[in-house]
Structure formats: C-alpha cells, structure tokens
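Coordinate analysis (summary)
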Amino acid sequence: SRSVHTIPRSKPAYPGHIPLTSFENGFLAVGSALMSLIDTRRADMVAACGETTAGSTLVKLRDIMLESPEGRRILKEMPRINSQTLDLEKLRSLPENTFGRAYVGWLDACKVTPDSREPVHYIDDPELAYVMQRYRETHDFYHALFGFKVSALPELALKAFEFSNLGFPMTALSLGASIRLKPPQRARLWGEFVPWAARCGSHARCLLTVYWEERWGQDLDEMKKELGVWDPPA
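A brief report on the enclosed structure follows. (Residues numbered from 1 in each chain as written. Predicted model: local features only at pLDDT ≥ 70, side-chain atom pairs only at ≥ 80, totals over all residues. Heavy atoms only, no water.)

**Quick look at the overall build of the chain**
Helix and strand content of the chain: eleven helices and zero strands. From first element to last, N terminus to C terminus, the chain shows the α and β order α-α-α-α-α-α-α-α-α-α-α. Expressed as lengths along the three principal axes of its C-alpha atoms, the size of the chain is roughly 75 × 45 × 30 Å. Each of the 234 residues in the chain was classed as buried or not, and the buried ones make up 46%. A separation of at least 24 residues holds for 69% of the contacts in the chain among residues at least 6 apart in sequence. Total accessible area on the chain stands at roughly 12200 Å², and carbon and sulfur atoms take up 58% of it. The centroid of the 29 positive side-chain charges in the chain is displaced by 4 Å from the centroid of its 29 negative side-chain charges. (Helix = DSSP H or I, 4+ residues; strand = E, 2+ residues; numbered from the N terminus. Buried < 20%, exposed > 50% of the residue type's maximum accessible area, 1.4 Å probe, protein only. Contact = heavy atoms within 4.5 Å. Areas by Shrake-Rupley, 256 points an atom, 1.4 Å probe, with all protein chains shown as cover. Lys, Arg positive; Asp, Glu negative; His and termini not counted. Charge placed at Lys NZ, Arg CZ, Asp CG, Glu CD.)

Written out as structure tokens, the structure is:
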C-alpha cells in the first residue's frame with residue numbers, strides 16, 4: 001500500500017492556540033487584511049490580521065516590557081481585563097477626572113463592555129500571545145485616556161497613535177480604511193490626527209508597560225504628563 005506523508009502539526013501551546021504553517025500564516029494574513037478593509041466590523045478578521053502580521057514586533061514589545069519594572073510585573077502576573085476582574089461600580093465611585101472614572105464613563109457612554117476582545121489564536125509563543133492579548137484588552141484604556149469615541153474617525157486616529165507607539169503593522173494597514181470616510185473626515189484624519197499621532201506616539205512611554213489596573217485613582221492630567229501624551233485635536 002502507498003504511504004501518505006503529512007506535515008506534522010504542532011500541538012497547541014495554550015488554550016485556544018491554533019498552530020499554523022508559514023504558508024497558512026501568510027495566506028491568513030493576506031485574506032484577513034482584505035476582509036478587514038472590506039468590512040471593518042469583522043472583529044475576528046481584524047484580530048487574525050493583527051496576529052499573523054505581528055512578527056518581530058511582539059518580541060520587541062516584550063523586551064521593552066522586560067526593561068520596565070511595571071512591564072516586568074505585568075508579564076509575571078499576566079492580569080486580564082474583563083467584567084469578572086473589574087469592579088465597575090467601584091470605578092464609578094471614584095472622583096471626577098481620575099483614570100478609573102474616565103474609563104467607566106467611556107464604557108457607559110459608548111455602551112460597550114470589557115468583554116468585547118477576541119482571544120489570541122495564531123501566535124505560537126505563550127508569552128508573546130499574552131503580549132498581544134494585553135494589547136487588545138487595554139486598547140479601550142487608550143480610548144478613555146484620549147477621549148476617543150468608537151466611530152470611524154477617532155478609531156483610525158487611535159490606530160495611527162498605536163502604530164507610532166507600539167509598531168503593530170496591522171494598525172498601519174487599518175488606515176487604508178480611511179477611503180471609506182467622507183472627504184472632510186479623511187482630510188482631518190491625515191491633516192490633523194495622523195501628525196498628532198506620529199508626534200505623540202513616538203514621544204510617549206510605551207503604553208504596554210503601564211499597569212493600568214493600579215492607576216484607577218490617578219488624576220488623568222497627571223497621568224498624561226507622566227506618560228508623555230497630550231490631547232488629540234478637538
């Protein structure tokens with residue numbers, strides 16, 4: 001009988017992990033990038049694009065976290081952000097202009113929950129997979145920090161900031177969705193928000209090194225000064 005040779009499939013390294021060959025990773029990267037541009041509401045495709053295009057960026061970010069006392073503790077403790085780990089009522093009781101109050105106010109105003117982030121599937125190394133998961137779960141903190149809503153223009157402005165600050169290729173690729181904006185919004189994005197994002201993101205501390213959960217009571221203005229960020233164009 002003829003034997004059939006198959007490429008051995010790696011075993012999953014963590015719950016939810018889906019190992020891919022190099023070809024599969026490349027195919028998924030291209031397909032998910034196209035689908036993300038066609039339909040920006042496909043969170044699964046946006047997530048897949050982020051993972052399959054991250055490459056050495058995750059290694060660089062992990063190393064930056066290891067150089068920071070806060071970042072090292074995050075990697076050691078691996079905290080998660082969801083409705084089970086957050087006490088939203090406690091955050092609502094914090095004084096005005098604290099980070100925690102701003103975050104829960106943003107959740108309420110935008111009618112979103114901390115449970116809306118896709119789990120990581122396609123990154124092989126468990127520690128690097130956590131770095132990607134941490135980025136996803138803290139993305140809404142950036143919204144609260146800058147007062148960005150969840151509509152197309154502020155979301156793209158935030159993606160531009162994330163590219164400058166963190167370097168994920170997916171965040172730059174997502175700016176291709178600006179073709180869907182109305183001409184005045186597109187002009188504002190590239191003429192005002194992208195220059196702000198480039199300057200602010202490159203000047204700021206790497207936001208993945210921030211242990212946000214320990215800073216709920218910090219004054220928002222003091223936090224921005226400490227992190228080296230400033231408000232986007234009005």
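**Side note on a nonpolar patch on the surface**
Judged by side-chain polarity, Val30, Leu34 and Ile38 come together as a nonpolar surface patch covering roughly 300 Å² of accessible area. Relative to the assigned elements, Val30 resides in helix H1 (residues 22-38). On the basis of relative accessible area, Val30 is assigned to the exposed category, the value being 53%. (Patch = residues over 30% accessible without salt bridge, like charges linked within 9 Å, V, L, I, M, F, W, Y side chains within 5 Å. Salt bridge = Lys/Arg side-chain N within 4 Å of Asp/Glu carboxyl O.)

**What to know about the nonpolar core**
Membership of the largest hydrophobic core comes to 62 residues, with the highest contact counts inside it found for Tyr103, Tyr142, Leu145, Phe146, Phe161, Leu208 and Trp212. Of all the secondary structure elements, the ones that give two or more residues to this core are helix H2 (43-54), helix H3 (57-66), helix H4 (69-77), helix H6 (99-110), helix H7 (126-146), helix H8 (152-165), helix H10 (183-203) and helix H11 (220-227). For this core, the leading source of residues is H7, giving eleven residues. Beyond its immediate stretch of four places on either side in the chain, Tyr142 contacts Tyr135, Leu158, Glu162, Leu166, Leu207, Leu208 and Trp212. (Core = buried A, V, L, I, M, F, W, Y, C linked by side-chain atoms within 4.5 Å.)

**Quick look at H10**
Taking 1.5 Å as the rise per residue, H10 with 21 residues should run 30 Å; its terminal C-alpha atoms sit 29 Å apart, in good agreement. Of all the bends in H10, the greatest, near 35°, is centred on Phe193, and the proline Pro195 appears no more than four residues after it. Where the residues of H10 are buried, they touch H7 and H8. (Expected span 1.5 Å × (residues − 1). Bend = angle between axes of the 7 residues up to and from the residue.)

**Considerations on the packing of H1 against H2**
Running from amino to carboxyl end, H1 crosses H2 at an angle of 140°, the nearest separation of the two axes being 8 Å. What the angle tells us is that H1 and H2 run oblique. Seen along the crossing, H1 lies across H2 with a hand that is left-handed. From H1, Asn25, Leu28, Ala29, Ser32, Ala33, Met35 and Ser36 reach across to H2, where they touch Met45, Val46, Ala48, Cys49, Thr52 and Thr53. (Axes fitted to C-alpha atoms, helices over the stretch in contact; angles between N-to-C directions. Parallel < 35°, antiparallel > 145°, perpendicular 65-115°, else oblique. Left-handed = near helix turned anticlockwise from the far one by under 90°.)

**Comments concerning the environment of Thr52**
Tracing the sequence through the fold places Thr52 in helix H2. A sequence separation of 118 residues divides Thr52 from Met170, and the C-alpha atoms of the two residues are 9.1 Å apart. Thr52 has contacts with Leu20, Asn25, Leu28, Ala29, Ser32 and Tyr122, leaving out every residue within four places of it along the chain. There is a polar contact of 2.8 Å between the side chain of Thr52 and the backbone oxygen of Ala48. Of the polar contacts made by the side chain of Thr52, one reaches the backbone oxygen of Cys49; its length is 3.5 Å. (Polar contact = N/O pair within 3.5 Å; in protein donor to acceptor, adjacent residues only side chain to side chain.)

**Here we look at unusual backbone geometry**
Within the chain, Asn97 stands out as a residue other than glycine whose phi angle is a positive 70°. Looking at Asn97, the relative accessible area reads 32%, which means it is partly exposed. Phi angles above zero are rare outside glycine, and Lys111 is one such case at about 55°. Positionally, Lys111 belongs in the loop between H6 and H7. Residue Lys111 is classed as exposed on the basis of its relative accessible area, which comes to 74%.

**Thoughts on H2**
Spanning twelve residues, H2 covers 16 Å between terminal C-alpha atoms, matching the ideal 16 Å at 1.5 Å per step. Looking at the buried side of H2, the elements it contacts are H1, H3, H7 and helix H9 (169-173). Positioned one or two residues after H2, Gly55 has a phi angle of 50°, which is positive.

**Concerning the packing of H7 against H8**
Remark: H7 packs on H8, axes separated minimally by 11 Å, with the N-to-C direction vectors making an angle of 115°. Taken together, H7 and H8 sit at an angle that is classed as roughly perpendicular. Note on packing geometry: the crossing formed by H7 with H8 is right-handed. Along the contact surface, H7 presents Tyr135, His139, Tyr142, His143 and Phe146, while H8 presents Glu155, Leu158, Lys159, Phe161 and Glu162. Grouping the constituent residues of the contact of H7 with H8 by class yields five nonpolar, two polar and three charged. (Nonpolar A, V, L, I, M, F, W, Y, C, P; charged D, E, K, R; others polar.)

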